[in-house]
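# Structural overview for review
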Amino acid sequence: MSLLEVGNVTKRFGSLVAVDDVSMTVEPGELRAVIGPNGAGKTTFFNLISGFTTPDSGSIVFGGEDITRLLPARRVWRGMVRTFQITEVFPELTVYENLQISVEIASGFGLRIRLKAGDVAKVRARTAELLDMGGLGPKAHRLVGELSHGDQRATEIMMALAMRPRLLLLDEPTAGMGEQETYDTTLLIRKLHRDQKLSIVLIEHDMRVVFHLADRIMVLAEGKTLAEGTPKEIAADETVQAAYLGKALA
Amino acid sequence: MRTRSQKIVAAVLIWCVLLSMPLWINQVGGYTQLGTRVLVMALAAMALNFLLGFTGVLSFGHAAYFGLGVYGTGLIIKYVVSSTFAGMAVGVLTAVVAAAMIGYLIVHLRGIYFAMVTIAFGQVFYFIAYRWNGVTGGDDGLSGWNRLPIDFGVGRLDILHSPVTFYYFVLFFFAVGVGLMAMLLRSPFGRTLLAIRENERRTRFLGVVVERHIWLSWVISCTFVGLAGALYALLNNFADPHDLRWDQSGEFVIMAVLGGMRSFWGPLVGAAIFVVLQDYVSTMTENWMSFIGMFFVLVVLFFPRGVLGVFRRRIAT
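The structure presented is a predicted model; accordingly, all values stated were derived computationally and were not measured.

## Side note on the confidence of the model for chain A
For residues with low pLDDT, the predicted coordinates do not support detailed interpretation. Per-residue confidence for chain A averages 90 on the pLDDT scale, and 97% of its residues sit at or above 70. Within chain A, no element has a lower average pLDDT than helix α9 (residues 238-249) of chain A, which sits at 66, and none a higher one than helix α3 (residues 95-106) of chain A, at 96.

## Overview of the interface of chain A and chain B
The parts lose accessible area when they come together, and the size of an interface is often stated as this lost area. Opposite the 25 residues of chain A that make contact, chain B presents 18 residues. At the level of secondary structure, the elements contributing two or more residues to the side of chain A that touches chain B comprise α2 (72-77), β6 (80-82) and α3 of chain A. Each residue belonging to the side of chain A that touches chain B can be placed in one class, and the counts come to 17 nonpolar, two polar and six charged.

## Structural notes on helix α10 (residues 210-236) of chain B
Residue and element names in this part refer to chain B. With 27 residues, α10 should reach 39 Å at 1.5 Å per residue; the first-to-last C-alpha distance of 39 Å fits that figure. In terms of burial, α10 is largely enclosed, as 22 of its 27 residues are buried. Following α10 by one or two positions, Asn237 adopts a phi angle in the positive range, close to 50 degrees.

## What to know about the domain arrangement of chain A
Residue and element names in this part refer to chain A. The domains assigned to chain A are domain 1 (1-79 + 165-250) and domain 2 (89-164). One C-alpha centre belongs to domain 1, the other to domain 2, and the line joining them spans 26 Å. Counting from both sides, the interface comprises 10 residues of domain 1 and, opposite them, 11 residues of domain 2. Per element, the largest residue contribution to the side of domain 1 that touches domain 2 is four residues, and it comes from helix α6 (residues 179-195).

## A word on the pairing of strand β2 (residues 16-26) of chain A
Within a regular beta strand, the side chains point alternately toward one face of the sheet and then the other, so they alternate between its two faces. All names here are of chain A. With seven bridges connecting them, strand β1 (residues 4-13) and β2 associate as antiparallel partners. Of the residues in β2, the one forming a bridge with Val6 is Met24. A loop of two residues connects β1 with β2, the two strands running antiparallel in sequence, and Gly14 in this loop sits at a positive phi of about 65 degrees.

## Observations regarding unusual backbone geometry
Residue and element names in this part refer to chain A. For Glu172, which is not glycine, the phi dihedral falls at a positive 45 degrees. Tracing the chain through its elements places Glu172 in the loop between β7 (167-171) and α6. For Glu172, a count of 21 C-beta atoms within 10 Å corresponds to the buried category. Notably, Lys197 is not glycine yet its phi reads approximately 55 degrees, a positive angle. You can see Lys197 is positioned in the loop between α6 and β8 (199-203).

## Focus on the sheet that holds strand β5 (residues 65-66) of chain A
Pairing between the strands of a sheet comes from backbone hydrogen bonds, and it takes one of two forms, parallel or antiparallel. All names here are of chain A. A sheet is described by the order of its strands in space; here four strands give the open sequence β2-β1-β4-β5, paired in antiparallel fashion. Two strands bound the open sheet, and with one partner strand each, they are β2 and β5. Packed on one face of the sheet, helix α1 (residues 42-50) meets β1, β2 and β4 (57-62) and runs near 60 degrees to β2.

## As for the sheet that holds strand β10 (residues 224-229) of chain A
All names here are of chain A. Sheet architecture is open: six strands sit in the order β6-β7-β8-β3-β9-β10, paired in mixed fashion. With partners counted over all chains shown, the strands left at the sheet margins are β6 and β10, one partner each. Averaged over all pairs of adjacent strands, the angle between strand axes in this sheet comes to 15 degrees, irrespective of strand direction. Across five bridges, strand β9 (residues 216-221) lies against β10 in antiparallel orientation. Considered in β10, the bridge of Met218 is made with Glu228. Set on the sheet, α1 makes contact with β3 (31-35), β6, β7, β8 and β9; between it and β7 the angle comes to about 150 degrees.

## Structural notes on the packing of helix α3 (residues 63-80) of chain B against α10 of chain B
Residue and element names in this part refer to chain B. In contact at an axis separation of 7 Å, α3 and α10 are set at 45 degrees when each is read in the N-to-C sense. Between α3 and α10, the interaxial angle falls into the category oblique. Remark: the crossing between α3 and α10 carries right-handed chirality. Residue-level contacts link Tyr65, Phe66, Gly67, Leu68, Gly69, Val70, Gly72, Thr73 and Gly74 of α3 to Cys222, Val225, Gly226, Leu227, Ala228, Gly229, Ala230, Tyr232, Ala233 and Leu234 of α10. Here the contact of α3 with α10 is built from residues that sort into 12 nonpolar, seven polar and no charged.

Reading the values: the criteria
- Counting of residues starts from 1 at the beginning of each chain's written sequence and follows it residue by residue.
- Each chain is given a letter, starting from A, and each ligand a number, starting from 1, according to the order in which they appear as written.
- It should be noted that, the model being predicted, local features are given only for residues of pLDDT at least 70 and side-chain atom pairs only at 80 or more, the latter also being counted only at that level, while totals for whole chains, interfaces and linings use all residues.
- Per-residue confidence from the predictor is reported as pLDDT, which spans 0 to 100.
- Helix numbering and strand numbering both begin at the N terminus, where a helix is a DSSP run of H or I of at least 4 residues and a strand a DSSP run of E of at least 2.
- By the convention adopted here, residues are in contact when the distance between their C-beta atoms, placed from the backbone, does not exceed 7 Å.
- All residues other than Ala, Val, Leu, Ile, Met, Phe, Trp, Tyr, Cys, Pro, Asp, Glu, Lys and Arg, Gly among them, are scored as polar; the first ten of these are nonpolar and the last four charged.
- One fewer than the residue count of a helix, multiplied by 1.5 Å, yields its expected span.
- In this scheme every C-beta is placed from the backbone, and a residue whose C-beta has 20 or more other C-beta atoms within 10 Å is buried, one with 12 or fewer is exposed, and one in between is partly exposed.
- All domain edges in this entry derive from an automatic or database-based domain assignment.
- A pair of strands counts as paired when DSSP detects no fewer than two bridges linking them.
- Each axis is a line fitted through C-alpha atoms, taken for helices only over the stretch in contact, and angles between the N-to-C directions span 0 to 180 degrees.
- Convention used here: angles under 35 degrees read as roughly parallel, angles over 145 as roughly antiparallel, angles from 65 to 115 as roughly perpendicular, and any remaining angle as oblique.
- Helix crossings get a hand from a simple test, with the near helix turned counterclockwise from the far one by less than a right angle marking a left-handed crossing and a clockwise turn marking a right-handed one.

Below is the structure:
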C-alpha cells in the first residue's frame, strides 16, 4: 500500500487555479521532491497535503485513510509532520527546551501538570537522542533565535522528528542558506532518509539539493504536473528543460 | 538565561521582603494597608501575566473577573451569610464560571481582536454593576458590610481589627496563588503554553489543539484575578464599580509591562511601583495618573523588558 495518495486535487483562489488536477503517490521509505518555477503551485500543493488549506476537489489518502478534510493537528497524530519555508521554532527558548517541549507534546504530556520520574527520564533520553541526531549537542543551551539559519533549520527538523512521523514534509529546507549551510542541511536530510528509513516529501528550489537527494521528482508548472520520474529521467526530459531547467541552469 | 541558583536567591529575597513587610513599612513612610494593596494588585498582575507573558495572549478585560471577585464577595457577605470564606468562595467561583463561558466564545480570536472582545465583555459587567442600583449600589458602590473575623474553633483570626493579621491573611492567599501558578509554569502543560507564546503555528503543527490550551490558561489566569478581587473587596470593605471598568484592566496590563512581563516576579515589582507611586502622588495632585503615564512611557522607551528585565540582562552579561 502506498503511504500517501494524492488524487486529482484542485485548489482555486478566485480566478487563479493554483493547483490544477494534480496527483502524486509516495511509497514508504521514498524521498520525493516537488520542484517547479516560482508560482507553480508548490507551496499550495504542500499546504493541501498538510491540511493548512483544503482542496476544492480531489482526495488525499494517507496510510489508507481519507484525510482530505482532516484538521492539521489531527494529521500530525496520524504521523504527518511538516516544516515551513520560514523556519518555525521557539526563538526565545534554548535548543534543548525546543526539543524537550516537542518530545513532551509528542508523548502526549501536553496537558500534564506532573510527570512520573520514569517519564521525565524518557523525555530526557529522547531529547538527547534528537540533539545528537541533529548535531545540535554543543548548542543545546543556546537560544534558538541566536543560532545560524542552518542550525535553526536543523532544530525545526528535529522538532518535527520528535513526533516520530511516518511522513516528513519539508518546505524548501535550504531556502535562504549559504553554500555550507545548504550542504550541511542536505547531509542531514539524507542521513535521516537513509538511517531512519524516513519517508520524506520536499519542495526545493536548489536543483543540486534535489538531484542529490530525491528518489523521484515531480515537476509542477502553472499548477499542473509537467513531468514525474527519477532524477535521471527528469534531467533528460525535454519539456522540463524547456519550461524550467533550461532557465534555472542557464 | 538566569541560572537555577540565581532564581532561587531571587525568590528567597522576595519572600523575605514580603514576610517582613509589616515590620518596616511604617519606618519607610508607608502603612500596612498599602503593603496589603501591593500584594492584592501584584496577585492580579501576576495572574494577568500568566496569560500575557507566558501564553502570549493579551487581555484588556481582566478587571471584569477581578470585579466579579469583588462584587461576589461583597454581595454574599452583605445579603446572604456573614462569612468571609463564603464570600471569597462565591466571588472566585463567579469569576471562574464567567471566564469559562466567555473564554469558550473568544479563544479562537487573536491579537487585537481578542483584546477588544475582552474589553467589550468587561464593560457588560461594569454596566450591570453601575446600573443595578437596588442590588449593587450603582455608582455609589456596595457598602454597609465588612470582612469578618475568622473562627477556627481553636483560635480566632481577627482580620477585621488588626491590619497586620489581615496582611498575613492576604499574603497566605497570595502565596497559594503564586505557588500554584509557578508550579503550573514548570510543568509540561506550562511549557506547552510557552511554546504557544513563542510560535503558535509551530505548536499547532506539533499536534496541539492550541485553543484548548489558551482556554485553560485564560481560566487559570481569571481564577487568580478573581481571587485578587475577593481579597480586594475584603481590604476595602467596599465594592466599587470602577473595579470592573476597562481602565482597571489597563492598570493590570501597565503593572505587568512596567515590571517586566517576561519574568515571573516582574508584575509584583510593577504593582509595587504603581501602587506606591499612586499613593504618594495622589496626595499631591489630582492628576496622579499623568505621572504614572509618563513613568510608563519612559520605562517602555528605555527598558522595553520592564524594570526586572534590566536586572536580568545585567545578570546575563
